Structure formats: structure tokens, C-alpha cells
Amino acid sequence: MRGQKSVLDYLQLRILSCYSEALLLKQGKMPKPRMAIVYPTYVCNHSCLGCDYIRLNKTKHSLSERQFMKVINQLIDIGVQGIEFCGGGEPTLHASLPKVLDKLIKHNITFGFLTNGTNLNQKLQEQLVKKGSYCRVSLESATEKIFNFYKRPINKKAGFENVLKNIKNLVSLRNSCLPQTKLQISIKYTVDNNNFSDVTKAVKFAEELKVDSIQFKLARNVDSELKDSRLVKKLKKEVAQMKHDYPDLRIMANFEKSQLKDKCWLAPLQLVVDPYGDVYICCYYHHRIKNHCLGNMLKQDLKTIWHSKKTQKKLAEIDINDCNKYDCRFHYYNELMRKVVIDDIGQLNFI
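Residues numbered from 1 in each chain as written. Predicted model: local features only at pLDDT ≥ 70, side-chain atom pairs only at ≥ 80, totals over all residues. Heavy atoms only, no water.

Asker: Give a detailed account of the overall build of the protein chain, specifying residues and quantitative values.
Answerer: For the protein chain, the helix and strand inventory stands at 14 helices and 10 strands. A principal-axis box enclosing the C-alpha atoms of the protein chain has dimensions of 50 × 45 × 45 Å. Looking at the protein chain residue by residue over its 351 residues, the buried ones come to 55%. Counting only contacts in the protein chain whose residues sit at least 6 apart along the sequence, the fraction spanning at least 24 positions is 72%. (Helix = DSSP H or I, 4+ residues; strand = E, 2+ residues; numbered from the N terminus. Buried < 20%, exposed > 50% of the residue type's maximum accessible area, 1.4 Å probe, protein only. Contact = heavy atoms within 4.5 Å.)

Asker: Requested: an account of the pattern of salt bridges, with residues and values cited.
Answerer: Under the definition given, this model contains 20 salt bridges. Residue K325 is joined to D322 by a salt bridge in which the shortest nitrogen-to-oxygen separation is 3.2 Å. With its nearest N and O atoms 3.7 Å apart, the salt bridge here joins K339 to E335. With K339 and E335 both in helix α14 (residues 329-342) and four residues apart, this pair spans about one turn of that helix. (Salt bridge = Lys/Arg side-chain N within 4 Å of Asp/Glu carboxyl O.)

Asker: Requested: an account of the sheet that holds strand β10 (residues 293-296), with residues and values cited.
Answerer: Strand order in this open sheet of 10 strands is β7-β6-β5-β4-β3-β2-β1-β8-β9-β10, and the pairing throughout is mixed. Strands at the two margins of the open sheet, each flanked by one partner only, are β7 (250-254) and β10. Going from strand to strand, the sheet's axes swing by 20° on average, the running direction of each strand aside. With respect to the sheet, helix α7 (residues 160-176) is in contact with β4 (132-138) and β5 (184-191), its orientation differing from that of β5 by roughly 150°. (Pairing = 2+ DSSP bridges. Axes fitted to C-alpha atoms, helices over the stretch in contact; angles between N-to-C directions.)

Asker: With reference to specific residues and values, describe the side chain of N162.
Answerer: In this fold, N162 is placed in helix α7. Not counting chain neighbours up to four residues away, the residues in contact with N162 comprise T118, K156 and K157.

Asker: Explain the environment of K290 to me, using residue names and the numbers behind them.
Answerer: Examined against the element boundaries, K290 turns out to sit in helix α10 (residues 289-292). Put simply, K290 and Q270 are 20 residues apart on the chain and 18 Å apart in space, counted from C-alpha to C-alpha.

Asker: So what about the packing of aromatic side chains? Which residues, and what values?
Answerer: Across all of its chains, the model carries 14 aromatic pairs by this definition. Here the aromatic rings of Y39 and Y53 are separated by 5.7 Å at their centres, their planes lie at 85°, and the arrangement is edge-to-face. Taken together, the positions of Y39 in the loop between β1 (35-38) and α2 (54-57) and Y53 in the loop between β1 and α2 put the pair 14 residues apart, joining distant regions of the chain. Just as Y39 is buried, Y53 falls in that class too. (Phe/Tyr/Trp six-rings, centres within 6.5 Å; stacked < 30°, edge-to-face > 60°.)

Asker: Quick one: what's the story with the state of the cysteines, residue by residue and with numbers?
Answerer: This model, assessed by the stated rule, comprises zero disulfides. Among the cysteines around C264, which has no disulfide bond, C323 carries the closest sulfur, lying 5.8 Å off. (Disulfide = S-S within 2.5 Å.)

Asker: Mind laying out helix α5 (residues 122-131), listing which residues take part and the relevant values?
Answerer: For α5, every residue scored as buried is listed here: L124, Q125, Q127, L128 and V129. Contacts made by the buried residues of α5 are with α4 (97-106), β3 (110-115), β4 and α7. The N-cap of α5, judged by a side-chain oxygen 3.3 Å from the amide nitrogen of K123 a few residues on, is N121. (Polar contact = N/O pair within 3.5 Å; in protein donor to acceptor, adjacent residues only side chain to side chain.)

Asker: How would you explain unusual backbone geometry if you had to name every residue and give the values?
Answerer: Here G87 and G88 are connected by a cis peptide whose omega angle stands at 20°. Summarising the element assignment, G88 is placed in the loop between β2 (82-85) and α4. Note that the residue after L178, namely P179, is joined by a cis bond; omega there is 0°. Of note, P179 is situated in the loop between α7 and β5. The phi torsion at E140 lies on the positive side, around 55°, for a residue other than glycine. With respect to the element layout, E140 can be found in the loop between β4 and α6 (144-151). Residue E140 is classed as buried on the basis of its relative accessible area, which comes to 3%. Unusually for a residue other than glycine, K210 sits at a positive phi of about 65°. Inspection of the secondary structure puts K210 in the loop between α8 (199-209) and β6 (213-218). Note on K210: relative accessible area 39%, which makes it partly exposed.

Asker: Account for the environment of D198, naming residues and giving values.
Answerer: Looking at the element boundaries, D198 is found in the loop between β5 and α8. Using a relative accessible area of 2% as the deciding quantity, one classes D198 as buried. Each C-alpha atom of the pair D198 and S141 lies 5.8 Å from the other, and the pair is 57 residues apart in sequence. With residues up to four places along the chain from it excluded, the contact list for D198 reads S141, A142, T143, I146 and Y189. Only 2.8 Å separates the side chain of D198 from the backbone nitrogen of A142, close enough to count as a polar contact.

Asker: Can you explain the pairing of strand β8 (residues 270-273)? Please cite residues and give values.
Answerer: Here β8 shows two buried faces, one formed by Q270 and V272 and the other by L271 and V273. Alignment of β1 against β8, held across four bridges, turns out to be parallel. Its bridge partner lying in β8, I37 is registered against V272. The sheet contact formed by β8 and strand β9 (residues 278-280) spans two bridges and is antiparallel. Directly across from V273, in β9, lies its bridge partner V279. Hairpin connection from β8 to β9: four residues lie between these consecutive antiparallel strands, with G277 at a positive phi of about 85°.

Here it is as C-alpha cells:
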């Protein structure tokens, strides 16, 4: 998979596959959500610097197995095609996750992980290789020193060496199952003042681990945000050189601040469910919980929530200023699809 054309070459264009849904949104109608992001738990075995969920993680709340299955059943029923498990807390710590994945595999629904990599056990690795789309490991470092300082693991099992072992095992298992599996394995690296010194080392490290990609993103809306323009410029130059030095490794880095120019009208292409069963407009809900919550899947049916007047009202009231606190991929998606669907620049009625 390394050095070959893959999904990573089409990330910016995948939104075009939602053309039909975008047409419905243009007409003021709600499409079924293409994707769901599920936070099974607020329990985490790391306490990362600058984590947006530290306050929520203190609750240590999780969906029960019955509740977890209820959420998944409703997502299947409404027509979701892909589910990302992340957090919040660390999703792989939820004991019922393997049972949930077996159900998704049975229903031919693909899934992805955004994980800290500490609990990628054999069962989860096998399920990922069988039906997983991607596994992004939030490493945020290339050395144990920076890892311990930034991630602050609570025990040895949550430590650097165990994460590396799990990544290596997953890569080995995935490679042994090619070409049947489509699993992409990536390292996620959020850059701030605490770990920018490890960025170039991280690229070399990713190459040694033989993962498919490493993805850099600047931390936003935190005290440790990297705001020194000279330093950011230096990082850009270093990463550009790394792309040249390691052509088989996909190095994805965007250090520019993205801006949403108009209201986010594509938000209904996905939904987010937290460990309480609450449904949110998007994953950047934690600083606007009241305004972003659409309802609760454990108390109401998701279809009722999704097609309610309350949801339409919440979507109409999205505050662009709140959206622009973070670098969200929907900033780009909204602009591209506005040109394609509303301005009809793409003239997609023709082949």
C-alpha cells in the first residue's frame, strides 16, 4: 500500500461523493447521515496536555453494553455507512467494542479508529484488518521523553513502548492480509509548543514503523497553541524536505489556519454521539454543548431527532465564530461543495 495510490490521494475530493445529499440540503431537506462519530467512553488512560475533553473525562462515563448496542442499531437503521470510534476518552478501552465491531462487520458497515494505540489488542487488530477503513494513532511525539511529557500515561501499559508494539503488530498483520484488506494505518500528530521539537523525528519514526501516513495539525484554541509565525514557517520548510526524502510515506501537513466563510451547511452529512447517548452536530461540540446537542438516542429514536424542527433550528443557529476556533475539514468541504452544488461550477449533470 505504501507508495501506491490510495484513499489518501482522494481525501480532498471524497466530499464530491456526497453530491446527492448536498442537493437535498440545498433544497432544505435532511439527508440520512453518511457517517457517525461515536465516543463510547469518557474514560482515558492518558491525560494529554491541552486535551479538549479533560473536564468531560473526569466523569469517566461510558455507554453500557445495552446502550452501546442501542446506539449502533439506530445508526444502522438510519442508514449510516461508516462509523469512527474515537473520543472523548479512549474508545478501545470500552469492553463491548469487539461485540459492536462484530455487528458492524455482519452488516457490512466499515469503521475507523482514532485511538491512542494503548489497547489495540489482537482481537481489535483482526477486526480492523477484516473490515476497518483506517486506524489513526494519536502519538504526538517521536521520543519517550516527549510522549511522557505530553501524553502523561497513567501506567506502563499506556506507555510509549506498548503503543509502538501495537502499531508494529497491526502493520505486520495488515501487510500479511494484503490485498484483501483496505486498512490504512496512520500516525496523528497535533503540534503545539510542547512537542514541535519532535516533528522531524516523528517523520523518520513513521517511516521506520512503515505506517501509511503521518498527519500533522496545529493545536487550536489552547494555551499551548503554536503562534510563532517564524517557527511555523520553519516547520513547513522541514516537512516539505521530509516529503522529498521519504516519498513512500504520505506526509500530510496543513499549518494554515482554516476559516469558514459562510454557515456550515454540510454538517448533516455526519453526526456525533457521546457516552451519554447525546447527539451533536459535529465533533467540536465540547465548547458549545448546549447549542450543539440535538437530542438523546437513549431517550428518543434517532430518526425522530434527526428530522425534528429542533434539529433544523440548531443547524440554522450554528455560529461561524465558534466554528473558526478550530481547523475543521468541513471548512474546505463547505467551500468546495458550495461552488459545485450552488454555483454549479462543476456542472456535475454531465459526465
